[in-house]
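Notes for the structure review
So you can see what is in the structure, the chains are spelled out below.
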Protein chains: 2
Amino acid sequence: MARPTRPSAGDRPTSFDIAELAGVSQPTVSRALRGDKTVSERTRMRIEAIAQQLNYKVDRAASSLRRGEVKTLALLFFEDPLPDGSNINPFFLAMLGSILKTCSQRGYDLLTSFQRWSADWHVDYEDARRADGLILLGYGDWEDYRARVEQLVAQRTRFVRWGAPSGVGTTIGCDNVAGGRAAGEHLIERGCRSIAYIGEASHHYPEFRDRYAGLAQALRTAGLPVDPRLHVDALSVEQKGYEAVQRLLARGITFDAVFCASDLIALGAMRALNEAGRSVPGDVALVGFDDIPAASHTHPPLTTVAQDYGRGGAELVDTLIRQIEGEATHDLLLPSRLVVRASA
Amino acid sequence: MARPTRPSAGDRPTSFDIAELAGVSQPTVSRALRGDKTVSERTRMRIEAIAQQLNYKVDRAASSLRRGEVKTLALLFFEDPLPDGSNINPFFLAMLGSILKTCSQRGYDLLTSFQRWSADWHVDYEDARRADGLILLGYGDWEDYRARVEQLVAQRTRFVRWGAPSGVGTTIGCDNVAGGRAAGEHLIERGCRSIAYIGEASHHYPEFRDRYAGLAQALRTAGLPVDPRLHVDALSVEQKGYEAVQRLLARGITFDAVFCASDLIALGAMRALNEAGRSVPGDVALVGFDDIPAASHTHPPLTTVAQDYGRGGAELVDTLIRQIEGEATHDLLLPSRLVVRASA
DNA sequence: CGCGCGTGTGAATACGTATGCTGCGCGCTT
DNA sequence: AAGCGCGCAGCATACGTATTCACACGCGCG
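Residues numbered from 1 in each chain as written. Chains lettered and ligands numbered in written order. Predicted model: local features only at pLDDT ≥ 70, side-chain atom pairs only at ≥ 80, totals over all residues. Heavy atoms only, no water.

**A closer look at empty space enclosed by the protein**
By the definition in use, this model includes 3 cavities of 30 Å³ or more. By volume, the largest cavity is sized at about 260 Å³. Forming the boundary of the largest cavity are 18 residues, of which A:T72, A:R130, B:R60, B:T72 and B:R130 lie nearest the centre. Here the residues of the lining of the largest cavity are counted per class, giving 6 nonpolar, 4 polar and 8 charged. (1 Å grid on protein atoms, 1.4 Å probe; cavity = no way out; pocket = protein on both sides within 12 Å on 5 of 7 lines; lining within 4 Å. Points joined across faces, edges and corners; volume = space filled by probe spheres on them. Nonpolar A, V, L, I, M, F, W, Y, C, P; charged D, E, K, R; others polar.)

**A few points about the domain arrangement of chain A**
Residues and elements named next belong to chain A. Once the domains are mapped, chain A shows domain 1 (15-58), domain 2 (72-174 + 309-335) and domain 3 (176-306). Distance between the C-alpha centres of domain 2 and domain 3: 28 Å. Contacts between domain 2 and domain 3 engage 10 residues on the former and 12 residues on the latter. Together, the buried faces of domain 2 and domain 3 total about 1000 Å²; carbon and sulfur atoms form 53% of this surface. Inspection of the region where domain 2 meets domain 3 yields 0 salt bridges. Taken together, the links from domain 2 to domain 3 amount to 1 residue pair in polar contact (both at pLDDT 80 or more). Among the residues making up the side of domain 2 that touches domain 3, the classes are represented as 7 nonpolar, 2 polar and 1 charged. (Domains from an automatic or database assignment. Contact = heavy atoms within 4.5 Å. Buried area = accessible area lost by both parts, 1.4 Å probe. Salt bridge = Lys/Arg side-chain N within 4 Å of Asp/Glu carboxyl O. Polar contact = N/O pair within 3.5 Å; in protein donor to acceptor, adjacent residues only side chain to side chain.)

**Some points on the relation of the copies chain B and chain A**
Each copy superposes on the other: chain B lies on chain A with an RMSD of 0.1 Å after a rotation of 180° and an axial shift of 0.0 Å. Both copies are brought into coincidence by an operation consistent with a two-fold rotation axis. A share of 96% of the interface residues of chain B reappears at the interface of chain A, consistent with the copies meeting face to face through the same patch. (Least-squares fit on C-alpha atoms with pLDDT ≥ 70 in both.)

**A look at the confidence of the model for chain A**
Averaged over chain A, the pLDDT score is 88; the fraction of residues at 70 or greater is 91%. Contacts from residues 1-9 of chain A, a stretch scored under 50 in pLDDT, to residues over four places away or in other chains number 9 contacts. (pLDDT = per-residue confidence, 0-100.)

**What to know about the environment of A:G133**
All names here are of chain A. Position of G133 relative to the elements: it lies in strand 3 (residues 133-137). Judged by its relative accessible area of 0%, G133 is buried. It is 7.5 Å that separates the C-alpha atoms of G133 and T72, two residues lying 61 residues apart in sequence. (Helix = DSSP H or I, 4+ residues; strand = E, 2+ residues; numbered from the N terminus. Buried < 20%, exposed > 50% of the residue type's maximum accessible area, 1.4 Å probe, protein only.)

**A closer look at the state of the cysteines**
All names here are of chain A. Per the stated rule, a full pass over the model turns up 0 disulfides over all chains. Its sulfur unpaired, C260 is 13 Å from the next cysteine sulfur, which belongs to C192. Residue C260 is classed as buried on the basis of its relative accessible area of 0%. (Disulfide = S-S within 2.5 Å.)

**Quick look at the sheet that holds strand 7 (residues 231-232) of chain B**
All names here are of chain B. Pairing is mixed across the open sheet formed by 6 strands, whose spatial order is 7-6-8-9-10-12. Looking along the sheet, the strands with just one partner apiece sit at the ends: strand 7 and strand 12 (337-339). Where strand 9 (residues 285-290) and strand 10 (residues 303-306) come together, 4 bridges link them in parallel fashion. Counterpart to F289 in the pairing with strand 10 is V305. (Pairing = 2+ DSSP bridges.)

**Structural notes on the pattern of salt bridges**
Throughout the structure, instances matching the rule amount to 34 salt bridges over all chains. For B:R148, the salt bridge goes to B:D144, with nearest N and O atoms at 3.1 Å. Of this pair, B:R148 and B:D144 are both found in helix 7 (residues 142-154), 4 residues apart, which corresponds to roughly one turn of the helix. The exposure class assigned to B:D144 is partly exposed, which follows from its relative accessible area of 29%. Notably, a salt bridge pairs B:R229 with B:D227, separated by 2.9 Å at the nearest N-O pair. Among the charged side chains, a salt-bridge network with shared partners connects A:R12, A:D59 and B:R129.

Next up, the structure:
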């Protein structure tokens, strides 16, 4: 290739073809198209015209090989969808949109992968130079997740994660404490005095823990007790929310509100309350978290805490790119927002 | 690089490093790791052990450059999400899951992009060798879409599209006619005699057209008239469904059922019917199409026609890969399935 | 009038992998 | 005993781009 061979055998035009047509050398073509200032305006225009005409596009593989970066980010989702892939967590999908958009604006491609579905390590992406950096969403098993994240840090992989800041890696997330507090304050304002909480409150799911902490803050501020018997553990799945309310009812404790750590839980909770003959919001007020699309279609429409996915996705991408470019990056907490509908 | 230089300056191990440690040449390493039978079992084992130990991974860019294929598919979505990316068509998301899974199983990466968000042509993906083939989902403006698809055919790009077979490119889709017919038959069985249809019925959206055609078949088979006054055009957006029902009501025609070309339309229709004091399914039976997640959370839960997204995504990927491998590929029509809930 | 400098371009080469061809040694055929 | 085929591995090189270095030219200045 170093020799001025004419490699344009038959197919795709190369920079050599453009060079020949423009009467310049291949390096000049490369420089011109990358906007190098050492190429004269006249030459550049000529080269660009020819490139356009031949529909020439820089070969991504060759360019990546030479430059050592692939201009691609990888999005890894740590959660098990159903086998047919139908039941993807809505939050993921909401974030995907803004991530894609921001990537596109910044000139990066986006690879997507479900961690459980890839045969090999998640770190493969960076090892094989398939991506310049990683975006981590969700986490199935917290212990496993944490171990993997620490490994990423150890091998200096560039990545950002969405969630609650936990000291490991750069983290972007919404203010779950404030969100939980807002939900609690709203319920208290509405006159609720016994607010149940459904969701993890332990360290396994830092985000859920923070939402619970926010609720507890609101209760204390209002001078209300934080009753552990009003707390039921549940994973973020509709069915688990349903079962959690049944357990709560079985305890025989009175409650006039339920704050659910996620909308999926809230959907299940609403179903269970309906079946038990408790009207929402008449007998029991209900607040969720996430503002998934289905939240506005429930009956009654679900009051919930919205995370700013649009901004979240953009910040994830921008932060990661800054990190790839060598900057030090920091955790970021985005505001959450109470969406008042009819369930409280 | 041809010379036995030791390029392992500092960073990532290369096949030369493995070769040196294993006491063989670089080509032998390459062959061993690709499973070439001309490498003896003993040598291969040794090389694999060393590669594993050094956490060596084949450099994707170099490999792609040499082999001329990138082992990557690109998913292009032709539809405008809201600016913040929050409101992505649920059908897209449902399909994404199974596409990702199948890609992963077949050893392909997946690039995702919204056509409107990429500055350059959609064809860039193949031109720049960023992907070996394209998957096309959705289409905003049919004329524009069709022109682009024809261009893809002209330049021999390998691609598959989801939708109604229309003679251009390989198309995978669900049987929209059968789905529409099933919806119609169900409504007729339930005693409905004046079935309104909301959605495009023209050539602009072939899938919608087919759904309408299916409904018409069912009506004719039952000896019922196909009344054009019972048809209202609407794009697949909640708000448009809402407005369509209002227009329908304004016409003053009686109807005892509405078949919506999509669930999003049906959501809007349900809202409009509720506001107009028509109970569902008491006064008006309602059937949608798509079975989006929100469909089961409406009040009453929406009866709808489900497309097999799980199989659809898998077929899209497998068909595309076959095409990339040089096979001739054919259109495929997947069965649709009526999901009976409470709205009819 | 010679020297240096800035501007624009070409020559050579590196990036890491994959593969066609060559070569070597060994066992087996005739 | 000479030749032949086969199993295995090395040599050289191609893939297409980006960058470093060298160089030619023109111009101003001393």
